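# Inside the fold
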Amino acid sequence: MVYPERFANLPVATWPRLRGLLDAVQPGGDVINMTIGEPQHDFPDFVGEVLADDLNRFKKYPDNNGEPPLLDAISGYLKRRYDVDMAHENLIVANGTREALYNAAMALCPEQKNGQKPAVLTPNPFYQVYAVAALSVGAEPIYVNATAENGHLPDFESLPADVLDRTAIAYICSPANPQGAVADAAYWSGLIALAEKHDFIIFADECYAEVYREMPPVGALEVARAVGADPERVVSFHSLSKRSNLAGLRSGFVASGPENIKRIRSLRAYAGAPVPGPVQAVSARAWADDAHVAASRALYTEKFDVADEVLGNLPGYRSPPAGFFLWLPVGDGEATALKLWRDTGVRTLPGAYLSRDTKAGNPGANYVRVALVAPKQDVQRGLEAIRDCITN
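Just so it is clear, the structure is predicted and the values come from calculations on it, not from any experiment.

## A few points about the packing of helix 4 (residues 96–108) against helix 10 (residues 258–271)
The contact between helix 4 and helix 10 brings their axes to 9 Å, and the two run at 105 degrees. Comparing their axes, helix 10 and helix 4 come out roughly perpendicular. The segment helix 4 lies against helix 10, with Glu99, Asn103, Ala104, Met106, Ala107 and Leu108 engaging Asn260, Arg263, Ile264, Leu267 and Arg268. Residue composition of the contact of helix 4 with helix 10, grouped by class: 6 nonpolar, 2 polar and 3 charged.

Printed below as a string of structure tokens:
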């Protein structure tokens, strides 16, 4: 048998790698899982009712691009949240954003850029689909370390001009997973100017945009409109997984200029699975409602207050402005995750499992990621165990 080489050197995926580290070791206490970013808050009360009313539509093939009521709801959300106008031709629905982040690269990355192999830029650490998308389109993934020194956001402007000239796509996550850093208007406008200078597309992964503590994060489309950028310059990705605690619904959307969306729709007509009709109905209701989002956000704020109280005196502790993760500096992330599991039963994720090695090292090696998705009392108990274990 002959198999493709482009995926042969992928590291073991995050979750199998974590199981390999921890599962052969007995936990040292009642298990508290603080690894995966799977929201545990209640989803909106209306979900069951809307789904039940539309059950009969599971018999029918849904609209691959998104049904008009859902596109209207998404457009309304973008207007309320970012004051940007997006017609139906600027939108397409997706089965969550992992699929969309992958397929958009398939649709929009050219085979060559300025006669060379294209580059795809990604923050490091990062959501692992970014790199696999780059490899799938025959591009070179360029890992740009996002460290405390640069505010945990990638400094794309520091890259050599020859790399930027062959860059086709730059992925950026704001609020960032795992650090919770937020790209402000100055960061977005600088990145957009860089993209226009070197002619690449920005893929703005904004799935955590509604999980913040004080100020709502500025959006990429919002800044692009303000600076008068080419409408095709930014592709924005959003999801109900974090916003509405509906990770299992698998529902999100992509917003961009009409040519980008046309090309994504064209590929998806061949290779994409449409979002089921009842799921689209639930999604339309969720995007149209902000009250449940505010209630969930208040619960995260309470848990971050607990984190500040419990961990505030730990050296290097940083209280993030958004997202629902702590990015804790611990010296050796893998050793610390193993110790926490063995001694306390608290399950955390080594930061190196979200990063790649570079010439400057692995920017996640000295961290663990801690998800604050569990109920408040479990979060407090887990954080106290982390503090005591690290301190002792």
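## What about the sheet that holds strand 2 (residues 91–94)?
Spatially, 7 strands are ordered 2-8-7-6-5-3-4 in an open sheet, and the strand pairing comes out mixed. Only two strands of the sheet have a single neighbouring strand rather than two, namely strand 2 and strand 4 (140–145). The mean angle between the axes of side-by-side strands here comes to 20 degrees, regardless of whether they run parallel or antiparallel. For strand 3 (residues 119–124) and strand 5 (residues 167–173), the ladder comprises 3 bridges, and the chain directions are parallel. Pairing of leucine 121 across the sheet is with alanine 170, part of strand 5. On the sheet, helix 4 packs against strand 2, strand 5, strand 6 (201–205), strand 7 (234–239) and strand 8 (252–255) and is oriented at approximately 160 degrees with respect to strand 7.

## Observations regarding the packing of helix 3 (residues 68–82) against helix 11 (residues 277–288)
Relative to each other, helix 3 and helix 11 sit at 20 degrees, their axes nearing to 8 Å. If you check the angle between helix 3 and helix 11, you find them roughly parallel. As helix 3 packs across helix 11, the resulting crossing turns out to be left-handed. Residues Pro69, Leu70, Ala73, Ile74, Tyr77 and Arg80 of helix 3 touch helix 11, and the partners they reach there are Gln280, Ser283, Ala284, Trp287 and Ala288. The residue makeup of the contact of helix 3 with helix 11, split by class, is 8 nonpolar, 2 polar and 1 charged.

## Brief notes about helix 7 (residues 185–198)
Relative to the 20 Å expected for 14 residues at 1.5 Å per residue, helix 7 spans 20 Å between its end C-alpha atoms, a close match to the ideal helical length. All of the buried residues along helix 7 are Tyr187, Trp188, Gly190, Leu191, Ile192, Leu194, Ala195 and His198. Buried residues belonging to helix 7 abut helix 6 (161–165), strand 5, strand 6, helix 8 (220–226) and strand 7. The N-terminus of helix 7 is capped by aspartate 184, whose side-chain oxygen sits 3.2 Å from the backbone nitrogen of alanine 186. Within two residues after helix 7, aspartate 199 carries a phi angle of roughly 60 degrees, on the positive side.

## Focus on the environment of leucine 121
Within the secondary structure, leucine 121 is located in strand 3. Judged by its relative accessible area of 0%, leucine 121 is buried. For leucine 121 and valine 144, which are 23 residues apart along the polypeptide, the C-alpha to C-alpha distance reads 7.0 Å.

## Concerning the nonpolar core
By size, the foremost hydrophobic cluster in this structure holds 56 residues, and its most contacted members are Leu78, Phe156, Trp188 and Ile202. Ranked by residue count, the leading element in this core is helix 3, at 7 residues. Counting 37 residues, the second largest nonpolar core, distinct from the first, contains Ala94, Leu108, Val120 and Val373.

## Looking at the packing of aromatic side chains
Tallied over the entire structure, the rule returns 14 aromatic pairs. Every member of this aromatic cluster is reached through a ring pair, and the members are Phe126, Tyr127, Tyr130, Tyr143, Tyr171, Phe203 and Phe237. Taking NZ or CZ as reference, arginine 347 lies 4.8 Å from the ring centre of tryptophan 341, over its face.

The rules behind each value
- Residues numbered from 1 in each chain as written.
- Predicted model: local features only at pLDDT ≥ 70, side-chain atom pairs only at ≥ 80, totals over all residues.
- Heavy atoms only, no water.
- Axes fitted to C-alpha atoms, helices over the stretch in contact; angles between N-to-C directions.
- Helix = DSSP H or I, 4+ residues; strand = E, 2+ residues; numbered from the N terminus.
- Parallel < 35°, antiparallel > 145°, perpendicular 65-115°, else oblique.
- Contact = heavy atoms within 4.5 Å.
- Nonpolar A, V, L, I, M, F, W, Y, C, P; charged D, E, K, R; others polar.
- Pairing = 2+ DSSP bridges.
- Left-handed = near helix turned anticlockwise from the far one by under 90°.
- Expected span 1.5 Å × (residues − 1).
- Buried < 20%, exposed > 50% of the residue type's maximum accessible area, 1.4 Å probe, protein only.
- Polar contact = N/O pair within 3.5 Å; in protein donor to acceptor, adjacent residues only side chain to side chain.
- Core = buried A, V, L, I, M, F, W, Y, C linked by side-chain atoms within 4.5 Å.
- Phe/Tyr/Trp six-rings, centres within 6.5 Å; stacked < 30°, edge-to-face > 60°.
- Lys NZ or Arg CZ within 6 Å of the ring centre and 35° of its normal.

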